[in-house]
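Notes for the structure review
One letter stands for each residue in the lines below.
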Amino acid sequence: MVSVVVGKKTLFLFNLNDPDNPIDLKFQQSYGSIVTYRWYGDGYIMIGFSRGCFVVISTHIREIGQEIFQAHNHKDNLTSIAISQSLNKAASCGDNCIKIHDLSDLREMYAIINLDDENKGVEHLAWTDDGQLLAVSTRRASLHVFLTKLPILGDACSTRIAYLTSLLEVTIANHVERELPVTVSVEVEPSFVAIGVYHLAVGMNNRAWFYALGENNVKKLKDVEYLGTVANMHLNSDYAAALFEGKVQLHMIESEGLDAQEERETRLFPAGDDKCRILCHALTGDFLIYGTDTGVIHYFYIEDWQYVNEYRHPVSVRKIFPDPNGTRLAFIDEKSDGFVYCPVSDRLYEIPNFSPTIKGILWENWPMDKGVFVAYDDDKAYTYVFHKDAIQGSKVILAGGTDVPFSHKPLLLYNGELTCQTQSGKTNNIYLSTHSFLGNLKDFGPNELAEMLTQTLMLKRFSEAWEICRLLNDPSGWNELAKACLYHMEVDFAIRVYRTFGNAGMVMSLEQIKGIEDHNLLAGHLAMFTGDFNLAQDLYLASSRPTAALEMRKDLQHWDSALQLAKRLAPDQIPFISKEYAMQLEFTGDYINALAHYEKGITGDNKYQEHDEACLAGIAQMSIRTGDIRRGVNQAIKHPSRLLKRDCGTILESMKQFSEAAQLYEKGQYYDKAASVYIRCKNWAKVGELLSHVSSPKIHLQYAKAKEADGSYKEAVMAYENAKQWDSVIRLYLDHLNNPEKAVNIVRETQSLDGAKMVARFFLKLGDYGSAIQFLVMSKCNNEAFTLAQQHNKMEIYADIISSENTSNEDYQSIALYFEGEKKHFQAGKFFLLCGQYARALKHFIKSPSTEDNLSIEMAIETVGQAKDEALTNQLIDYLMGESDGMPKDAKYLFRLYMALKQYREAARTAIIIAREEQCSGNYRNAHDVLFSMYSELKTQKIKIPSEMATNLMILHSYILVKAHVKRGDHMKGARMLIRVANNISKFPSHIVPILTSTVIECHRAGLKNSAFNFAAMLMRPEYRNKIDPKYKKKIEAMVRRPDTSEAEEPTTACPHCAFQLPECELLCPGCKNSLPYCIATGRHMVQDDWTVCPHCDFPALYSEFKNMLQTENICPMCSERINIVHLKKISDCTQYLKQEDMDQ
């Protein structure tokens, strides 16, 4: 391609390969005329225009004619442009300034140089070929030359760096310690720079100048000439080491005051007799280290002034880089491979993925991050970590890579921050990508935090990893951290991590081993915890306790490995391991080898009898498994274990060796199994012998079937009974043994449905239809039973049976309909009631002819009670009142109806009427019981008791007590009760004269003469006189004729309500006007301090009196229930009974 500017307006491009298609490029008029242009790169042209613009175009076919970049660099005019390919920079000049752009990104302005003195403007500019100098001519005929890049010279010692900032100026800085930079002016443009603890050295060719670094100033010390051109130099606090022409000269920097040690002032390496050439060297606080073309690395200990270590590498060593202490050394050999050498252990570790373009290595200076280093070339810095204390041994790993900007030379690494020197004489800090976790962690999301966790674990930064895990709060993160701690043998930190996420097992395991000092033993334990068992074994074997390897293999049940280890470490363990190995082989089905190991497991020592028995059991089982049945069976029979006989029997059974299996089962007293196997052999005789020991119903059943088939029915029945096969037992009793009684008993006991059917069929054959119906119902064949009952007119029997069973409404209805058809109203009503058809039931009960016990009326009442239907209730009341047939029924039925309907008030009124009728008829006990039952029911339902009922019950009870008192000879109590009855004599119309006669006699006997006279006078009335029993008539007439009115006062006791003293048989207190509760044993009113109640009816009684009464007869006079005297309790607080009495009244 040829380019020509035509008329300062157009750029003409002529392609020699395509002469027919030249290209003519025109530009905007606003740019002005073309001043100059330059080709650069891969077919790009930069064009400068008179009005201050420059434009970049491409000559690529696809982009031709397009402006790739355009900038208005100068205000008035542009006079020249220049391009430096080596620097990758472009410069333009115009007005009175120069502007420099970076070709990789033209938008970025690299530098602006103003020439303020040049008021006439600048004219031309040009770069040197290496780009180091830029020259500018001006219209004033002057020439300016600018330095565009410095030689990159620099050195670091600890965290201090020295670097060239101008051709004759070196700057010393310590960013880490935050010291102010110090600049040192030097005499010549140096070719090397070295910095030490207290000194700076610069030099060129064979000469070096040394400067002492003070607090705030720098003082020149001296200059030294060497025997050849110095390639590089290193300093420590006292010494300098210069490398020139394959030799190193070590000498003191300041030798004043050290005359006594002249031989220590300087030394040349190597010694004269050593023909090797030194290719590289380094100086630490204690050592001079150098590498030679023969591959030897020497350590010279300055304090003792002698060699202390050497390492021989297969090829020559090009560069060496010791860490700050000199205990680890990274080096690069002539094959461009990298290694880390540890002189303490004399071990070499290859650096993985080591790029052949690597220029140098920097070790981390941050004291907490030992083992981290970066290897760098022109484009990238690779972060490596040397893991020294890892369970798998020491090794170097690559942690990651970081891009290094163009023309940056790394000088110092401190806590992931790489300080680089640039061509412009400045420093620039780069953060390694492997240390991204050093920022504010809270700004990152979970994915970034997970990546950072991986970085921290690679770099062994466990504290930062802890913080990341805390933010992630994810068990997998904690687990990774814990595993990394184990890998790096950080036991205490691992314990802390496992404790945090609650792994108690690991905490306890690590607590047990954390004090172990033996490195290999500790590493072995940790390898085992991480599941690397082969490594754990190797580490255990290399430790002070190699038996730990055997213990581990035993715990893991790796018996094969354990056996190999035991042969070497613990031969006495072989029998026990052999047994365990045999058990494992047996489980996997390798019976031949299992047998061999069981045999090896026998110790023959009585101490280990249990172990030997287990081995013998194994031999017995494996012998059978491998086909040596006789040996196995004999061994099992001799062995004391029952379980072994069972297990061997099972194996033999599976091998179809039934007779031997049965024999072993029998010997082991597994009779069920033995009998089962004998049955398979059809050895019934043996089965019969064992039957008394057999508990399995299945075996009894098999034996029973066999005996039944042989016709031995009695034995078969016994076996069926043992097998609980009741249907078969019933079948044999009915069909073969002709014992229906036994069959019937068994059906009743077992409630067997099929058995009941068989018995029913048996009775049917005999024509005993009643029994057949009974057993058909028992077998739930209700339809068959019903049909049978119909056919043979046995419906009453069927009905009786069915009503005692849990039967369906349909069955009850079918019976009811049958009886309805037969005009048997009572039975029809009963079954309509059972199936819930109350109206039809009531209709039949009313139609039913009356019997002595009037059961049909009782059932009608029950029906109405269940139905709770007003129409039915009214229908029954009409019937009972005689509305329908003109015959009123006994009032007690009306009372029962009200009770069934829970209409207690109506029932109470009816009860009073009934009681009155009973009293009139002289049935005082019946009247008493009717009133008592009604009283109790009303009390239970918490309904107020009518006073008439309570009074009538009290009078009737008083009358009933008379007999009891007189029987016991207590005439006073009898007389008092008779006085109360006689005062209400109108309630006893049937027995007025006998009651008054008894009253007169008892009062006379009790000495109550006045009362006897009064009632005797009443008897003398004309209507009673002729009815007096002739036996007592004369005595009573004599009493009236010769009256004796003397009578003792009735004793008084306190009212239980108000404590007013009133006669003991008086039941109305004049003090508080309360009706008083009465004692059911004496009829007297109750007193507070002598209170009890009947345990059954809850009626009150005087404790002392009731107790005396129960000693002669143990029946309550009120409810007639039997009472055990021990159940009688004296009540100290009777308030609740008095309240209840008030409510009842």
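The following paragraphs examine the structure supplied in this document. (Residues numbered from 1 in each chain as written. Predicted model: local features only at pLDDT ≥ 70, side-chain atom pairs only at ≥ 80, totals over all residues. Heavy atoms only, no water.)

Another aspect to go through is the overall build of the protein. From N to C terminus, the protein includes 41 helices and 45 strands. Per-residue burial for the protein yields a buried fraction of 48% across its 1145 residues. Pairs at least 24 apart in sequence give 39% of the contacts found in the protein among residues at least 6 apart. Accessible surface for the protein amounts to roughly 56800 Å². Of this, 48% is attributable to carbon and sulfur atoms. (Helix = DSSP H or I, 4+ residues; strand = E, 2+ residues; numbered from the N terminus. Buried < 20%, exposed > 50% of the residue type's maximum accessible area, 1.4 Å probe, protein only. Contact = heavy atoms within 4.5 Å. Areas by Shrake-Rupley, 256 points an atom, 1.4 Å probe, with all protein chains shown as cover.)

Attention shifts here to the side chain of D369. Considering the arrangement of structural elements, one finds D369 in the loop between β35 (360–363) and β36 (372–376). A polar side-chain atom of D369 sits 2.6 Å from a polar atom in the side chain of R461. Apart from residues lying up to four places away in sequence, D369 is in contact with E364, H435, L459 and R461. (Polar contact = N/O pair within 3.5 Å; in protein donor to acceptor, adjacent residues only side chain to side chain.)

Okay, the sheet that holds strand β8 (residues 80–84) next. Overall, antiparallel pairing links the 4 strands, which are arranged β8-β9-β10-β11 in an open sheet. The sheet terminates laterally at β8 and β11 (105–114), the two strands that pair on one side only. Sheet twist, expressed as the mean angle between neighbouring strand axes with direction ignored, is 20°. The sheet contact formed by strand β9 (residues 89–94) and strand β10 (residues 97–102) spans 6 bridges and is antiparallel. Looking at β10, one finds that K89 is bridged to D102. (Pairing = 2+ DSSP bridges. Axes fitted to C-alpha atoms, helices over the stretch in contact; angles between N-to-C directions.)

What follows concerns the packing of aromatic side chains. Across all of its chains, the model carries 29 aromatic pairs by this definition. Taking the centre distance of 4.9 Å and the plane angle of 65° together, the rings of F269 and F300 count as edge-to-face. One end of the pair, F269, is in strand β26 (residues 266–269); the other, F300, is in strand β29 (residues 296–301), with 31 residues separating them in the sequence. Owing to a relative accessible area of 0%, F300 belongs among the buried residues under this scheme. Their ring planes at 55° and their centres at 6.5 Å tell us that Y299 and Y341 sit as a pair that is tilted. Taken as a pair, Y299 in strand β29 and Y341 in strand β33 (residues 338–342) lie far apart in primary sequence, 42 residues in all. Looking at Y299, the relative accessible area reads 1%, which means it is buried. By relative accessible area, Y341 is classed as buried at 0%. (Phe/Tyr/Trp six-rings, centres within 6.5 Å; stacked < 30°, edge-to-face > 60°.)

Let us now look at the sheet that holds strand β32 (residues 329–333). One key point about sheets: their strands pair by backbone hydrogen bonds, in either a parallel or an antiparallel sense. In spatial order, the strands read β31-β32-β33-β34; together these 4 strands make up an open sheet with antiparallel pairing. Whereas interior strands pair on both sides, the edge strands pair on one side only; in this sheet they are β31 (317–322) and β34 (347–350). The average undirected angle you get between the axes of adjacent strands in this sheet is 25°.

Our next topic: the environment of D532. With respect to the secondary-structure elements, D532 resides in the loop between α6 (519–529) and α7 (533–541). Given the relative accessible area of 28%, D532 is considered partly exposed. The contact partners of D532, leaving out residues within four places of it in the chain, are Q392 and A527. At 3.4 Å, the side chain of D532 and the backbone nitrogen of L535 are in polar contact.

Turning next to a nonpolar patch on the surface. On the surface, a nonpolar cluster with roughly 310 Å² of combined accessible area is contributed by V2, V4, V6 and L16. Accessibility expressed as a relative area gives 38% for V4, which makes it partly exposed. (Patch = residues over 30% accessible without salt bridge, like charges linked within 9 Å, V, L, I, M, F, W, Y side chains within 5 Å. Salt bridge = Lys/Arg side-chain N within 4 Å of Asp/Glu carboxyl O.)

What follows covers the nonpolar core. With 65 residues, the main nonpolar core has F1099, F1106 and M1118 as its most contacted residues. For this core, the element with the most residues is helix α33 (residues 924–940), which contributes 7 residues. Beyond its immediate stretch of four places on either side in the chain, F1099 contacts F932, Y935, L953, Y1078, I1080, T1092, V1093, C1094 and M1118. By size, the runner-up hydrophobic cluster in this structure holds 64 residues, among which are V385, A494, A548 and A562. (Core = buried A, V, L, I, M, F, W, Y, C linked by side-chain atoms within 4.5 Å.)

Let's shift gears to the side chain of T284. Turning to its location among the elements, T284 is positioned in the loop between β27 (278–283) and β28 (287–292). Judged by its relative accessible area of 7%, T284 falls in the buried class. Leaving out residues up to four positions away in the same chain, T284 has contacts with N236, I289, P322, D323 and G326.

Across the two faces of strand β19 (residues 192–195) the burial is the same, with F192 and A194 and V193 and I195 all buried. Of the pairings in the sheet, the one linking β19 to strand β20 (residues 199–204) comprises 4 bridges and is antiparallel in character. Within the sheet, the bridge partner assigned to I195 lies in β20 and is L200. Connecting β19 to the antiparallel partner β20 that follows it, the hairpin turn spans 3 residues.

A complete count under the given rule lists 25 salt bridges for this structure. A salt bridge links D102 to K89; the shortest N-O distance between them is 3.7 Å. Residue D102 is found in strand β10, and its partner K89 is found in strand β9; the two are separated by 13 residues along the sequence. Given the relative accessible area of 6%, K89 is considered buried. Residue D389 is joined to K388 by a salt bridge in which the shortest nitrogen-to-oxygen separation is 3.6 Å. The class of D389 is partly exposed, set by a relative accessible area of 33%.

Let's shift gears to helix α2 (residues 462–472). Within α2, the full set of buried residues consists of F462, A465, W466, I468 and C469. Along the axis of α2, the buried residues cluster in a sector spanning 165°; they form a single face. Buried residues along α2 sit in contact with α1 (446–458), α3 (475–487) and α4 (491–500). Looking one or two residues past α2, N473 carries a phi angle of roughly 50°, positive in sign. (Arc of directions from axis to C-beta.)

Turning our eyes to something else, we now look at the environment of A240. Tracing the backbone through its elements, the reader meets A240 in strand β24 (residues 239–244). The buried category is assigned to A240, whose relative accessible area is 0%. Between the C-alpha atoms of A240 and F210, which are 30 residues apart in sequence, the distance is 9.7 Å. The contact partners of A240, leaving out residues within four places of it in the chain, are F210, H234, L235, Q249, L250, H251, I253 and L283.

For helix α39 (residues 1030–1041), which comprises 12 residues, the first-to-last C-alpha distance of 17 Å matches the rise-based estimate of 16 Å (1.5 Å per residue) to within 8%. What α39 keeps buried is the set I1036, E1037 and M1039. Mapping the buried residues of α39 onto a view down its axis gives an arc of 155°, with all of them on the same face. In α39, the exposed positions angled more than 90 degrees off the buried face are occupied by P1030, K1034, K1035 and R1041. Where the residues of α39 are buried, they touch α36 (992–1005), α37 (1009–1019) and α38 (1022–1025). (Expected span 1.5 Å × (residues − 1).)

Moving on, we come to the packing of helix α34 (residues 947–967) against helix α35 (residues 971–982). How two helices sit against one another is set out by the angle between their axes and by the gap between those axes. At their nearest, the axes of α34 and α35 sit 8 Å apart, and the two run at 155° to each other. With respect to each other, α34 and α35 are oriented roughly antiparallel. The element α34 and its partner α35 pack so that their crossing is left-handed. Residues M954, I955, S958, Y959, L961, V962, H965 and V966 of α34 form the contact with α35, whose participating residues are H971, K973, G974, M977, L978, R980 and V981. Residues that form the contact of α34 with α35 fall into these classes: 9 nonpolar, 4 polar and 2 charged. (Parallel < 35°, antiparallel > 145°, perpendicular 65-115°, else oblique. Left-handed = near helix turned anticlockwise from the far one by under 90°. Nonpolar A, V, L, I, M, F, W, Y, C, P; charged D, E, K, R; others polar.)

The full count for this structure, using the stated rule, is 0 disulfides. For the unlinked cysteine C1065, the closest cysteine sulfur is that of C1079, found at 9.9 Å. Since its relative accessible area comes to 15%, C1065 is described here as buried. Residue classification places C1079 among the buried positions, given a relative accessible area of 0%. (Disulfide = S-S within 2.5 Å.)

Here the amide bond leading from F269 into P270 is cis, since omega sits at -10°, within 30 degrees of zero. Tracing the backbone shows P270 in the loop between β26 and β27. Notably, N353 is not glycine yet its phi reads approximately 50°, a positive angle. A relative accessible area of 60% means that N353 is categorised as exposed. Despite not being glycine, M489 has its phi angle at roughly 60°, a positive value. With respect to the helices and strands, M489 occurs in the loop between α3 and α4. Judged by its relative accessible area of 13%, M489 is buried.

Function-wise, these values are silent; they only describe arrangement.
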